[in-house]
Every structure is written in C-alpha cells, then in structure tokens.
Amino acid sequence: MPAQLHLPTVLVLYKTALLAGALSTLHVRHRAVRPRGLALLATAFLLLAFGSALAGMGEYEAVPYWLWTHLSLLMGTAGYALYWAGMRGLSGRRRIRAVWVAAVPIAWLVLGLATQFPLENLPRAAAFHLTAALALVASVWEVLRDHRREPLPSRWPLAALLCLSAAIYATRLFYIVNDAATADGFALAFYIQILCHFGIALMIATLSKERAEARLEQAAQTDPLTGLGNRRWFVSRLPADLPPGSALALLDLDLFKQINDRFGHAAGDRVLVEFARNAAGQLRDYDLLARFGGEEFVLYLPTVAEKEATAVAERLRASTQALQIREGGTAITVSVSLGLAWIDRAGTPLDDWLRAADAALYEAKSQGRNRVVRAAPPAQRSHPASAGR
Ligand SMILES: Nc1nc2c(ncn2[C@@H]2O[C@H](COP(=O)(O)OP(=O)(O)OP(=O)(O)O)[C@@H](O)[C@H]2O)c(=O)[nH]1
C-alpha cells in the first residue's frame, strides 16, 4: 500500500486538508454565538498549510535555502503551538496568555538561528515532529479534561483523532532520530495525517454544534432571573410516579405585589434572586428547586421522612423571614407560605399531588401567610386507567 502512494500528490492533498480545516473552522466560527478557540485553530491550520507550502517551494529552490528552512520550521512549530491553544479554548478553558503560546516557536527560532540546525533536514524534521507530537498530546488532555463538566459526545472522537495524529508524529520522530525514515513511510504518514485533519475539522464543527444545542436546551429549562430550573426542567427531572417517602412543596412569596409597588420592580427582582439563593443553599445536592413562575416556587425532596420534610419546609420559611435585602437606605423583608405534600403512596399522578400542595398553600395564605400547611393526601383514583389524564 505505501508503495502505491504518490508522494507529491499526497503532499498537495496534505496542504488541501489543512486549508479545508481552516475554511471549515472559520465558517463554524462565523456561525457560532460565542466561539471559543476557533480563530486560533483556523490560524493554526493556515500556518501549517503555509509552512508546508513554503517547504515545498524550497525543495524546488524557489526560495533561498536559509529562508525556507528557518521560516517553515517557525510556521510549523507556531502552527502546533496555536493548535494546542485553540483546542484548549474549544474545550472551554480560559484563554491562555500569548507569551506561553509564542514561547515554543520563538525558542526553536532562537536555537535555530544560533546553531543553524534547521539547515539540515533531519534535525529540522525532528524539531517539527517533536513539537507537533507534544502539542497534540497536550490537545488530547485539554479536550478530555472538561468532559465531566461539559459531556459532549464529540470530545471522544476528537481526542481519538488527535491521539492518532500524535502517534503518527511520534512514530515518524522515532524513524527520523534513528535515520531510518523512508519516502514510502513519509507518504503513508502524511496520508494518515490528511485523514486526521479532515476528521478533526469535522469534529470541531460537531463539538461546536453540540455545544450550541446543549446551551439552547439549558436556556429552555432555566429561569433567567434566578438561574433555577423552570417548570419544564422540574417536570422533566421528576420520576413519572413519585415514590412514597418523598415530598413536594409549593412556595409562594407573601404580599410580593406590595414589595414591587413600594420598592420598584427591580428591587422585587432582587428579592426573588435572594430568596432563590437562600433556599437553594438550604437544600441537599439532589433536592430539586424550581421557579414555577412569578413569585411561586416548587420543591421536591426525594427520600425524606415525613418529619424531616416538615422541618426542611419550616427551615425555609424561617430563613426567608430572616432575609434582609438592602435597597437604598432600607432593608426589604419578605416571608413565604408553603403547601407541603408528603408522598405516602405510589400510583397517584404528579398533577394530583401538585393540586394537593396548592390547596395547602391556599390554606396557608388564608391563615395569615408566613406558615407551612400540610396537604391532605389526594383522593385515591379508583381505576388505574384514569391516572395521568
Ligand atoms: N419584580 C418581579 N415581580 C414579579 C415577577 N413575576 C411576577 N411578579 C409580581 O408578583 C406579584 C404577585 O402578586 P399577587 O399574585 O397579587 O400575590 P402577592 O402580592 O404575593 O400576594 P399573596 O400571594 O396573596 O401573598 C405581581 O405584582 C407580579 O407582577 C418578576 O419576575 N419580578
């Protein structure tokens, strides 16, 4: 198979793959809402393509020898340093300082000018291959380290392609250092790199698309004011059949209209945010708190004893009453009423439990507000087929 690869054609295709990578990455960047690392990656693709083109022109003596050797090494190493920085940005990390990215190519340039090693083919190729392999391994690390925080499926194929590309460079480096590199091996390595570049460009586009979809999904399920999940999020997270030994509560801020009327809508918003922050801070990691709309919130406590659920509700009520939200010279105070339903049996639809909690909330308001009222369990449905209608 290697003998069938025509090296000059492979080298032309290699540059074409890099150009295609640059164009596709620029296109994705143009379409992305908050692009990260894509400009760096497109520049990296371009630098690698120009570095490779310059080396090709040098081989035909179209450029002075000293110029293309130094310059192609500079472009190649700068290209892979940018590649790493771009992958880091794409993965979601903070932008790295330019000095760290520039350090690698500048170090090679200074060393090259001082020793003139790039004038020799093997040391120049070894320096390029070493930089490329290390930058690609670092890129794999960048792409995978954020997987838990942002589990996008395309991270894995992207990392696999980067690994393959790094492995090819490392293998080539081994042959170069041992002076065993052949033209056939060279052609095969570049052929695989072509496939990697196409694949990586595709995965960059896929990852950006997956990220945009995940953000849309999250925005559709998040209340923008408080950052809590909204009704859609809450319902999607609840088990289809609430298990016995859990609790559901509706929480409604008291006389909230008066706060808006007296202090203004913006102050009312701050009260909602502070209430949400305080309430979320009182709960376990796996409890679910959402904003149902307006000044109404909903809470689900999985696996909780009846007494404990009442204690949690009572704690939320008391800590809300203790809140002091500063507005100008005065402190706004607020209270909350809660209707609490303790789930004592399976098979009753969520809507019935919500209605029961709502009735209890209504009762809490009627009794003077700032209190927790336990809900009467909803009437049991006689026919299972009617459940959920
Ligand atoms: N600032 C602010 N106000 C909101 C928001 N959503 C709803 N409201 C206001 O919340 C108020 C709710 O008023 P009501 O439903 O009369 O209830 P309340 O004044 O809290 O009285 P009770 O519930 O009976 O204690 C209305 O004035 C709404 O305009 C919001 O996102 N921000």
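Every value quoted in this text rests on a predicted model; they were computed, and no experiment measured them. (Residues numbered from 1 in each chain as written. Predicted model: local features only at pLDDT ≥ 70, side-chain atom pairs only at ≥ 80, totals over all residues. Heavy atoms only, no water.)

## Examining the nonpolar core
Note the cut-off: Among buried residues, the Ala, Val, Leu, Ile, Met, Phe, Trp, Tyr and Cys ones that are joined through side-chain atoms within 4.5 Å form a nonpolar core. Exposure classes here rest on a 1.4 Å probe applied to the protein chains alone. A residue is buried below 20% of its type maximum, exposed above 50%, and partly exposed in between. Secondary structure elements follow DSSP: runs of H or I of four or more residues count as helices, runs of E of two or more count as strands, with numbering from the N terminus. Pairs of residues are marked as contacts when any of their non-hydrogen atoms sit within 4.5 Å.
One finds Y80, Y83, M87, L158, L162 and I200 to be the most contacted residues of the largest nonpolar core, which totals 48 residues. Looking at this core, the elements with two or more residues in it are α1 (7–31), α2 (38–59), α3 (65–91), α4 (98–115), α5 (121–145), α6 (155–177) and α7 (183–220). Element by element, the count of residues in this core is highest for α3, at 9 residues. In this structure L162 touches Y83, M87, L136, S139, V140, V143 and I200, once residues within four positions along its chain are discounted.

## A few points about the layout of surface pockets
Heads up, the condition is: In this analysis a 1.4 Å probe is tested at points of a 1 Å grid over the protein atoms alone, and where it fits but cannot get out there is a cavity; an open set with protein on both sides within 12 Å along at least five of seven lines is a pocket; lining residues have an atom within 4 Å of a point. Grid points are joined across faces, edges and corners, and a volume is the space filled by probe spheres set on the points.
Its volume calculated, the largest pocket comes out at about 890 Å³. Contributing to the lining of the largest pocket are 30 residues, with L11, A55, E59, F186 and F190 lying nearest its centre. Roughly 360 Å³ of internal volume is contained in the second largest pocket. Around the second largest pocket, the lining comprises 16 residues; the ones closest to its centre are A32, V33, S208, K209 and A212. Looking at the lining of the second largest pocket, the elements with two or more residues in it are α1 and α7. Sort the elements by how many residues they give to the lining of the second largest pocket and α7 lands first, with 7 residues.

## Section: empty space enclosed by the protein
With a probe scaled to a water molecule rolled over the atoms, the places where space remains empty come into view. Applicable threshold: Under the grouping applied here, Gly and all other residues not named as nonpolar or charged are polar, the nonpolar ones being Ala, Val, Leu, Ile, Met, Phe, Trp, Tyr, Cys and Pro and the charged ones Asp, Glu, Lys and Arg.
Considering all chains together, one arrives at 1 cavity of 30 Å³ or more under this definition. Its volume calculated, the largest cavity comes out at about 40 Å³. Lining the largest cavity, in full, are H129, Y169, R172, A189, F190 and Q193. Contributions of two or more residues to the lining of the largest cavity are made by α6 and α7. For the lining of the largest cavity, the element with the most residues is α7, which contributes 3 residues. Partitioning the lining of the largest cavity into residue classes produces 3 nonpolar, 2 polar and 1 charged.

## Examining the site of the ligand
Threshold: Distances are taken per atom, and a residue is near a molecule or strand as soon as one of its heavy atoms is within 4 Å of it. Pairing of N or O atoms within 3.5 Å defines a polar contact, subject to two protein rules: one partner must be a possible hydrogen donor and the other a possible acceptor, and residues neighboring in sequence count only if both atoms are side-chain atoms. Computed with the Shrake-Rupley method and a 1.4 Å probe, the accessible areas treat only the protein chains shown as cover for residues.
The full set close to the ligand counts 16 residues, and L255, F256, N260, D269 and R291 are the nearest of them. Interatomic distance of 2.6 Å between a side-chain N/O atom of D269 and a nitrogen atom of the ligand. Taking E295, its side chain carries an N or O atom lying 3.2 Å from an oxygen atom of the ligand. Protein burial of the ligand: of its 670 Å² of free accessible surface, 67% is covered by the chains.

## Thoughts on the packing of α2 against α3
The condition that has to hold: Here an axis means a line fitted to C-alpha atoms, over the contact stretch when the element is a helix, while the angle between two N-to-C directions is reported on a 0 to 180 degree scale. When describing relative orientation, an angle under 35 degrees is termed roughly parallel and one over 145 degrees roughly antiparallel, while 65 to 115 degrees is termed roughly perpendicular and anything else oblique. Less than a right angle of anticlockwise turn of the near helix away from the far helix marks a crossing as left-handed, whereas a clockwise turn marks it as right-handed.
In contact at an axis separation of 7 Å, α2 and α3 are set at 160° when each is read in the N-to-C sense. Judged by the angle between their axes, α2 and α3 are roughly antiparallel. As α2 runs across α3, the sense of the crossing is left-handed. Among the residues making up the contact of α2 with α3, the classes are represented as 20 nonpolar, 7 polar and 1 charged.

## Digging into the confidence of the model for the protein
Our working definition: You can read pLDDT as the predictor saying how much it trusts each residue, on a scale of 0 to 100.
Per-residue confidence for the protein gives a mean pLDDT of 93, with 97% of residues at or over 70. Taken together, the stretch residues 384–389 has pLDDT below 50 and engages in 6 contacts with residues farther than four places along the chain or on a different chain. As a predicted assembly, this complex carries a pTM of 0.74 together with an ipTM value of 0.97.

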